[in-house]
2 protein chains.
Amino acid sequence: MNNPLNRKWLIKARPTGKVSESDFLFVDAPIPEPEEGEFLVKVMYLSATPVLRRHLRATDNGAGKVNTGDVMPGRGVGTVIKSRHKDFQAGDIIQGRFGWQEYAISSATGADMVHTIKQRRVPFSTGLGILGLNGFTAYLGMADVGQPKSGETVLVSGGAGGVGSKAGQIARLLGAGRIVGIAGSRKKCRIMIEDLGYDAAINYRQENVSTKLAEVCPEGIDVFFDNAGGVILDAALEHINKRARIVCCGRITDKTEKEQEEQRIKNYWRLGRQQARMEGFYVYDCLEDLPRAEEQLSKWLSEGKLNHSEDRLEGIEKMPEALMRVLKGQGEGKVVVRIDPEAA
Amino acid sequence: MNNPLNRKWLIKARPTGKVSESDFLFVDAPIPEPEEGEFLVKVMYLSATPVLRRHLRATDNGAGKVNTGDVMPGRGVGTVIKSRHKDFQAGDIIQGRFGWQEYAISSATGADMVHTIKQRRVPFSTGLGILGLNGFTAYLGMADVGQPKSGETVLVSGGAGGVGSKAGQIARLLGAGRIVGIAGSRKKCRIMIEDLGYDAAINYRQENVSTKLAEVCPEGIDVFFDNAGGVILDAALEHINKRARIVCCGRITDKTEKEQEEQRIKNYWRLGRQQARMEGFYVYDCLEDLPRAEEQLSKWLSEGKLNHSEDRLEGIEKMPEALMRVLKGQGEGKVVVRIDPEAA
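As the structure is a computational prediction, the values presented were derived from the model and not from experiment.

### Some details on the overall build of chain A
Part 1 of the reasoning: The number of helices and strands found in chain A is 10 helices and 15 strands.
Part 2 of the reasoning: At 21 Å, chain A has a C-alpha radius of gyration in line with the 20 Å of a compact globule built from 344 residues.
Part 3 of the reasoning: Expressed as lengths along the three principal axes of its C-alpha atoms, the size of chain A is roughly 65 × 45 × 35 Å.
Part 4 of the reasoning: Looking at chain A residue by residue over its 344 residues, the buried ones come to 49%.

### Remarks on the domain arrangement of chain A
Part 1 of the reasoning: By the assigned domains, chain A splits into domain 1 (6-129 + 308-338) and domain 2 (133-284).
Part 2 of the reasoning: The gap between the C-alpha centroids of domain 1 of chain A and domain 2 of chain A is 29 Å.

### A few points about the interface of chain A and chain B
Reports often express the size of an interface as the amount of accessible area lost when the parts come together.
Part 1 of the reasoning: The interface of chain A with chain B comprises 28 residues on the first partner and 28 residues on the second.
Part 2 of the reasoning: Of all elements in the fold, only α7 (257-262), α8 (269-274) and β13 (277-280) of chain A reach the threshold of two or more residues within the side of chain A that touches chain B.
Part 3 of the reasoning: Residue composition of the side of chain A that touches chain B, grouped by class: 11 nonpolar, eight polar and nine charged.
Part 4 of the reasoning: Note that β13 of chain A and strand β13 (residues 277-280) of chain B share three bridges and pair antiparallel. Counterpart to Glu279 of chain A in the pairing with β13 of chain B is Arg277 of chain B.

### Concerning helix α3 (residues 164-173) of chain B
Residues and elements named next belong to chain B.
Part 1 of the reasoning: The buried fraction of α3 amounts to eight of the 10 residues, a majority that puts the element mostly inside the structure.
Part 2 of the reasoning: Residues Gly164, Ser165, Lys166, Ala167, Gly168, Gln169, Ile170 and Ala171 constitute the buried set of α3.
Part 3 of the reasoning: Turning to α3, the residues buried within the fold contact α2 (133-146), β8 (153-157), β9 (178-183), α4 (186-194) and β11 (221-226).
Part 4 of the reasoning: Phi for Gly175, located one or two positions after α3, is positive at around 110°.

### Observations concerning helix α6 (residues 230-237) of chain A
Part 1 of the reasoning: Of all the residues in α6 of chain A, the buried ones are Ile232, Leu233, Ala235, Ala236 and Leu237 of chain A.
Part 2 of the reasoning: At its buried positions, α6 of chain A is contacted by β8 (153-157), β9 (178-183), α5 (209-216), β11 (221-226), β12 (240-248) and α8 of chain A.

### Some remarks on the packing of helix α2 (residues 133-146) of chain A against helix α3 (residues 164-173) of chain A
All names here are of chain A.
Part 1 of the reasoning: The N-to-C vectors of α2 and α3 enclose an angle of 40°; their axes lie 8 Å apart at closest approach. In this view, α2 runs oblique relative to α3, as classed from their interaxial angle. Crossing geometry of α2 relative to α3 is assigned as right-handed. Contact residues: α2 offers Asn134, Gly135, Ala138, Tyr139, Gly141 and Met142, while α3 offers Lys166, Ala167, Ile170 and Ala171.
Part 2 of the reasoning: Here the residues of the contact of α2 with α3 are counted per class, giving six nonpolar, three polar and one charged.

### Structural notes on unusual backbone geometry
Residue and element names in this part refer to chain A.
Part 1 of the reasoning: Phi at Gln147 takes a positive value of approximately 50°, unusual for a residue other than glycine.
Part 2 of the reasoning: Within the secondary structure, Gln147 is located in the loop between α2 and β8.
Part 3 of the reasoning: Despite not being glycine, Arg243 shows a phi value in the positive range, around 60°.
Part 4 of the reasoning: The exposure class of Arg243 is partly exposed, given the 14 C-beta atoms found within 10 Å.

### A word on the relation of the copies chain A and chain B
Part 1 of the reasoning: For these two chains of identical sequence, chain A goes onto chain B by a turn of 179° and a shift of 0.0 Å along the axis, with RMSD 0.1 Å. As the rotation angle and translation indicate, the two copies are arranged about a two-fold axis.
Part 2 of the reasoning: Counting the interface residues of chain A, we find that 96% of their copies in chain B are interface residues as well, pointing to one common contact surface.

### Structural notes on the environment of Ile193 of chain A
Residues and elements named next belong to chain A.
Part 1 of the reasoning: Relative to the helices and strands, Ile193 is located in helix α4 (residues 186-194).
Part 2 of the reasoning: Ile193 gets classed as partly exposed once you count the C-beta atoms within 10 Å, which come to 15.
Part 3 of the reasoning: Taking the C-alpha atoms as reference points, Ile193 and Gly37, separated by 156 residues in sequence, lie 48 Å from one another.
Part 4 of the reasoning: Discounting residues that sit within four places of it in the chain, Ile193 has contacts with Tyr198 and Ala201.

### Quick look at the sheet that holds strand β10 (residues 200-203) of chain A
Part 1 of the reasoning: Reading across from one edge, β10(A)-β9(A)-β8(A)-β11(A)-β12(A)-β13(A)-β13(B)-β12(B)-β11(B)-β8(B)-β9(B)-β10(B) is the order of the 12 strands in this open sheet, with mixed pairing throughout. Of all the strands in the sheet, the pair left with one neighbour each is β10 of chain A together with β10 (200-203) of chain B. Strand-to-strand, the axes of this sheet are offset by a mean angle of 15°, without reference to chain direction.
Part 2 of the reasoning: For β8 of chain A and β11 of chain A, the ladder comprises three bridges, and the chain directions are parallel. Bridge pairing in β11 of chain A places Val156 of chain A opposite Phe225 of chain A.
Part 3 of the reasoning: Helix-sheet contacts for α6 of chain A involve β8, β9, β11 and β12 of chain A, and the interaxial angle to β11 of chain A is about 170°.

### Some remarks on the packing of α2 of chain A against helix α9 (residues 290-302) of chain A
All names here are of chain A.
Part 1 of the reasoning: It is the contact of α2 with α9, at a shortest axis distance of 9 Å, that shows an interaxial angle of 95°. Relative to α9, the element α2 is oriented roughly perpendicular. Of the residues in α9, those in contact with Gly135, Phe136, Tyr139 and Leu140 of α2 are Leu290, Ala293, Gln296 and Leu297.
Part 2 of the reasoning: The residue makeup of the contact of α2 with α9, split by class, is six nonpolar, two polar and no charged.

### A look at the nonpolar core
If you look at soluble globular proteins, the nonpolar side chains tend to sit buried side by side.
Part 1 of the reasoning: In terms of nonpolar packing, the biggest core is built from 160 residues, with Ala236 of chain A together with Ala236 of chain B touching the most fellow members.
Part 2 of the reasoning: If we skip the residues at most four places from it in the chain, Ala236 of chain A touches Leu155, Leu213, Ile221 and Phe224 of chain A.

### Observations regarding the environment of Asn267 of chain B
All names here are of chain B.
Part 1 of the reasoning: Tracing the sequence through the fold places Asn267 in the loop between α7 (257-262) and α8 (269-273).
Part 2 of the reasoning: For Asn267, a count of 19 C-beta atoms within 10 Å puts it in the partly exposed group.
Part 3 of the reasoning: Note: C-alpha distance between Asn267 and Cys249 (18 residues apart in sequence) is 18 Å.

Conventions we followed
Residues numbered from 1 in each chain as written. Chains lettered and ligands numbered in written order. Predicted model: local features only at pLDDT ≥ 70, side-chain atom pairs only at ≥ 80, totals over all residues. Helix = DSSP H or I, 4+ residues; strand = E, 2+ residues; numbered from the N terminus. Rg over C-alpha atoms; globule rule 2.2 N^0.38 Å. Buried ≥ 20, exposed ≤ 12 C-beta atoms within 10 Å, placed from the backbone. Domains from an automatic or database assignment. Contact = placed C-beta atoms within 7 Å. Nonpolar A, V, L, I, M, F, W, Y, C, P; charged D, E, K, R; others polar. Pairing = 2+ DSSP bridges. Axes fitted to C-alpha atoms, helices over the stretch in contact; angles between N-to-C directions. Parallel < 35°, antiparallel > 145°, perpendicular 65-115°, else oblique. Left-handed = near helix turned anticlockwise from the far one by under 90°. Least-squares fit on C-alpha atoms with pLDDT ≥ 70 in both. Core = buried A, V, L, I, M, F, W, Y, C linked by C-beta atoms within 7 Å.

Now the structure itself:
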C-alpha cells in the first residue's frame, strides 16, 4: 500500500506568544472507516492561512472548539474514496475542513462547509484560494451586496489580502470604473497596483486615509468592501456617495473587548444622510450560492482574467513550515501544500 | 379685506441658552406678489416641532442657513392663491416650508420640500404630522427599508416621537408580530403601550437597554427603526437576528464633534456575523415616493387604524407659545397652530 497509515498533525500546545513549529506533533494513525452518514476523503491539498492561528488560541470560531491533542484544523481539497453519506459518493472532488491529515472523515456538517467541486477546467488546488471560501466570499460579497455599477468607484480594505485581492479584481470584471485598495505595507500597495490592476493604493500606516481618499476617489466612493473596520471604515464613511454600499466582511470572529473598543466608529450617521447601506456578508450562511460563485470565478480564471498566484510546498510534513511562511508574511501568493503526490 | 397685511414672526435673536418667546419679533408686512416661477400661498396651518430649535442656532440644516431678521422657518399647509409657476395653480392645497407667516412666496425649491396634497379624506392639518414629513419618513423608512415581515419583531427608538410614534404603528399595520419601543420617560413609555399599541416599552434612562432587550425581544430583533444612534444602537446590535434590517433615521443634521465622539458604536461587526443591514433613509431625497406614502397613510387614517392626536392652538400670535409647549414636552400629540380661521 502507498499509504498504510494516516499521517497527521496534532495540536501539541497552545502558543502563548508567537506560533512556532514546536506547537505541533506529527503522528501516524490508522486510516479511519466511515460510519453511517459519513464519508472518507483522501486529501489532495491543504491550505495555510492566517485564520489558523486563531484555532491555536482560546477560541471557538463558530466552527467548533479545538483542543490540545486534536488534529490541527484547516481546509483542504480531496477525493471521496468511501461514502456512507447519501449526498456524496466515491470519486466526488470536494473541499472542506478536513484538518492537517492525509485521510479525513466528514459528515458534511455546517461547520465543515463542505462543497463539491464541479468545475474541472482549473487545478484542484484553486479550491483553497480563488475557488474556495476566500474567492466565494469576495465574489458573493461584491456581486450580491456591493453591486458595483458601470463606472463606479470601488474601495477595498485589506486590498491585497486573501479576500480583498480577489474582491478588487472582481469589481473590475463586474464593470467598476475605478478600484482603490488600502493595505498596511509598501509591498502590498505595489502588488495591488502592479499585479492586481488597482488604480490607486493607500498605505494606511503611512498616510492619512481620509485625506488620501479625497485625493484618489475624486468622485467619492460608491462601493466599499471592508475587511478592516475601525478607523479605516470611519474614514471611508466620510467619502461615501449617495446610495453607497458598504460590504462588512471579515469581522466575524474573535475580537477581544479591547479590540472592539479601539475600533469604535462615529461616522455611521453618514449612512442616513447619504441614504447609504452597510451590510454584512457571511459565506457560512450562503452554501446554496457557492456553485454560482464557483462557476463565474472558474470561467474568469480559465479565461486568464483573474490573477491567482500560488506558492506550493510538497508533502504533509511541510504543514507547520507552510503556516510559518504565511504568518511571517513570506508567502508569494496563496500558500498551499500538496498532500497527495499524485494530485493534479 | 380680512387680511390686508401679512403678519409674520421674525428671528429677533439667536438664543444662547434655552429658547424663549422673546427670541421672536411679531411684525406686519405687505402681502408679496409672486414673480415668474413663484406662487403665493395663503397659510392654513403651521407646525411646531423640536427641529425648529436648530434653526435658531448656528445652523445650516441642508435647508439653507437662516439669519437674524429672517422669517422664522417652519412647515405649513396652505392654499395656492396666485401662481406664476408651471407646476402649481390657484386652489392647489400644498404643504411646504412656508415660515411663520400668513402668506408665503415659494418657488418650490428642493429645500422647501413642497408637496401637493391630493388626499381630501382627512383634515388638512394632518399634512403637518401623520401626512407630512414625519409620517412619510416613518412609512417609507419602515415599508421600503425596514420591510417587516409577518410575525417579526420590530424595535423603534424614539418610539413616542414625531417619526417613531408613527413607525411603530406602521410596522404593526404591515404585519409585524411584536413592536417594542424605546423612549426616555415613563410618560412616553405609557403612551407607547396605551395609545400606540406597542407590546413593550423600554425607558433607556432607567433601564439597561441590552438586558431589557433580551427580555422583551425573546426572539431577537428583525427590524430596528433607529432615531437615536449611540449606545442604544450598540445595544440593539447585540440582539439582531440573521438578515435583520436597521433603518438609520434622524441623524441627518448638526451633530457636534463632541456628540459624535460620545455616540461611537462598537458592535457594527455584528452586521457581518448576522448578514444584517444598516441603511439610511432621508426623506428629502424621496420626493417621488411621497404620493405613495400619502395614499397609504391617508387610507389607514380614514379607516381609524392610526392613532393621530392633535394639540391645536388658534392664531399666528400663538406660534412662540406653541413652540415653547413642544420644547417643554407639554404637547399632547402633534402641536399645530391654525393660521387661517376659516381653514377646514
